[in-house]
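Close look at the chain arrangement
Residues per chain are reported as follows:
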Amino acid sequence: MIITFATQKGGAGKTTLAIAFVNYLNALTGRKVNVYDFDFQKSFYNKWVEDEMLELPKLYDVNVIGDDENPFDDLEVLFDLKDSEDVNVFDLAGTLDEKYSDLLIYSDVIIIPFEYSDVSVKSTLVFKNLLGIIESQAERIFIRSKYDKGYKYLNQQEMDEEISKYGVLIETPVFKRNCLQTINTRKLSYEQKYAVRKPFNEIIESINEALQITL
Ligand SMILES: Nc1ncnc2c1ncn2[C@@H]1O[C@H](COP(=O)(O)OP(=O)(O)OP(=O)(O)O)[C@@H](O)[C@H]1O
Ligand SMILES: [Mg+2]
């Protein structure tokens, strides 16, 4: 199957959540996880290489997709990843590009982190519209990222109602936490695990027909 972390807003928390999610999945399932870094900044891949210093076991491989490469010129490659028993996780850039369209159409699941700032709300709605226009078949999962517990988001109710029409809105937010700024690709600390456990279990429950994980 293919799970893609994407939205068109930079800095929304895609890579942080993607790292946390694959580490978390790895602890829960024997299914093989493969990561594909499809962002020109290569944040996930660079972190994964840097984490070699930690001398902790590698949990998965991170593959880089080159900048001017369209890996899905041959759609067969994409369908093989989709049909595979492995969990194939893609991390995308915060800017949209035509080279992403086939992946966005054929992903099984797209996880969309968002915040309630005006810019993030607009970008999230534009991204949601784009998925509609390209007729993406993916299940859309919206997750509140960097959520500040003490803040009253005035546009929250309206935004939640709107996006709930187009996909699953994960009830528990991923809160703004310092511990998530120091995430690594080898191991989730107890604190990090605690920070993502509830929202990630909700994600897994909503896609578990495909994942088949015992929580
Ligand atoms: N829940 C969180 N709490 C605190 N800081 C966070 C959280 N999630 C992400 N961050 C921080 O926000 C910044 C942006 O996060 P990240 O790189 O994951 O976003 P991104 O969507 O992948 O960005 P880009 O569009 O550049 O790829 C990073 O400094 C990261 O440490
Ligand atoms: Mg990123």
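This text follows the structure it describes.
Okay, so let's go over this structure. (Residues numbered from 1 in each chain as written. Chains lettered and ligands numbered in written order. Predicted model: local features only at pLDDT ≥ 70, side-chain atom pairs only at ≥ 80, totals over all residues. Heavy atoms only, no water.)

1. A closer look at the nonpolar core
The cut-off we apply is this: The set of buried Ala, Val, Leu, Ile, Met, Phe, Trp, Tyr and Cys residues whose side-chain atoms join them within 4.5 Å is what this entry labels a nonpolar core. Each residue gets one of three labels from its accessible area relative to the maximum for its type: buried under 20%, exposed over 50%, partly exposed in between, using a 1.4 Å probe on protein chains only. Numbering of helices and strands runs from the N terminus; a helix is a DSSP stretch of H or I covering at least four residues, while a strand is a stretch of E covering at least two. Residue contacts follow a heavy-atom distance rule, with two residues in contact if any of their heavy atoms lie within 4.5 Å.
Ile3, Tyr60 and Ile203 are the most contacted members of the largest nonpolar core, which has 37 residues in total. Counting residues per element, the ones that place at least two in this core are strand E1 (2-5), helix H1 (14-28), strand E2 (33-38), helix H2 (43-50), strand E4 (87-92), strand E5 (109-114), strand E6 (139-144) and helix H7 (190-206). The greatest single-element share of this core, amounting to eight residues, is contributed by H1. Among residues more than four places away in sequence, those in contact with Ile3 are Phe21, Val87, Asn88, Val89, Phe90, Val109, Ile111 and Ile207.

2. Some details on the sheet that holds strand E3 (residues 61-64)
Heads up, the rule is: Between any two strands, at least two bridges found by DSSP are needed for them to pair. Angles shown run from 0 to 180 degrees and are taken between the N-to-C directions of axes, each axis being a line fitted to C-alpha atoms and, for helices, limited to the stretch in contact.
Ordered by their spatial adjacency, seven strands build an open sheet running E3-E2-E4-E1-E5-E6-E7, and the pairing between neighbours is parallel. Only two strands of the sheet have a single neighbouring strand rather than two, namely E3 and strand E7 (168-169). Note: E2 against E4, six bridges, orientation parallel. In the strand pairing of E4, Tyr36 is matched with Phe90. In this fold H2 packs onto E2, E3 and E4, with an angle of close to 135° to the strand it touches most, E3.

3. So, the pairing of E5
Selection criterion: We call a crossover right-handed when, viewed with both strands directed away from the observer, the connection leading from the first strand over the helix to the second proceeds clockwise.
For E5, the tally of buried residues reaches six of six residues, placing the bulk of the element in the interior. Where E1 lies against E5, three bridges are found, and the strand directions are parallel. Within E5, the residue paired with Phe5 across the bridge is Ile111. Where E5 and E6 come together, six bridges link them in parallel fashion. Following the sheet pairing, Ile112 is matched in E6 by Phe142. Note on the crossover from E5 through helix H5 (residues 118-133) to E6: the handedness is right-handed.

4. Observations concerning the layout of surface pockets
Put simply, the rule is: A pocket here means an open set of points on a 1 Å grid, computed over the protein atoms alone, that has protein on both sides within 12 Å along at least five of seven lines. A cavity is instead a set of points where a 1.4 Å probe fits but cannot get out; residues with an atom within 4 Å of a point line either one. Grid points are joined across faces, edges and corners, and a volume is the space filled by probe spheres set on the points. In the scheme used here, Gly and all other residues not listed as nonpolar or charged are polar, with Ala, Val, Leu, Ile, Met, Phe, Trp, Tyr, Cys and Pro taken as nonpolar and Asp, Glu, Lys and Arg as charged.
Volume-wise, the largest pocket comes out at about 290 Å³. Within the residue set of the lining of the largest pocket, elements represented by two or more residues are H1 and H2. Take the lining of the largest pocket: its biggest share by element is four residues, from H1. Here the residues of the lining of the largest pocket are counted per class, giving seven nonpolar, nine polar and four charged. Taken as a whole, the second largest pocket holds about 240 Å³ of empty space. Taken together, 13 residues line the second largest pocket, and the ones lying closest to its centre are Lys149, Phe175, Arg177, Tyr194 and Ala195.

5. Quick notes on H5
Rule in force here: Given the number of residues in a helix, its expected span is that number minus one, multiplied by 1.5 Å.
In this model H5 runs 23 Å from its N-terminal to its C-terminal C-alpha over 16 residues, within 8% of the 22 Å that 1.5 Å per residue would give. Within the sequence span of H5, burial applies to Ser120, Val121, Ser123, Thr124, Phe127, Lys128 and Leu131. If you follow the buried residues of H5, they end up packed against helix H4 (101-106), E5, E6 and helix H6 (156-164). Directly beyond the C-terminal end of H5, a positive phi value near 55° is found at Glu135.

6. Considering the packing of aromatic side chains
Which entries qualify depends on this criterion: Working definition: a ring pair exists when centres of Phe, Tyr or Trp rings (six-membered ring for Trp) sit within 6.5 Å. Plane angles under 30 degrees give stacked, over 60 give edge-to-face, the rest tilted.
Enumeration according to the criterion identifies 18 aromatic pairs in this entry. Both rings, one in Phe21 and one in Phe200, keep their centres 5.2 Å apart while their planes meet at 85°; by these two values the pair is edge-to-face. Placement of Phe21 in helix H1 and of Phe200 in helix H7 is noted, with a sequence separation of 179 residues between them. The same class applies to Phe21 as to Phe200, namely buried. The interplanar angle of 15° and the centroid separation of 4.8 Å between the aromatic rings of Tyr36 and Phe90 together place this pair among those described as stacked.

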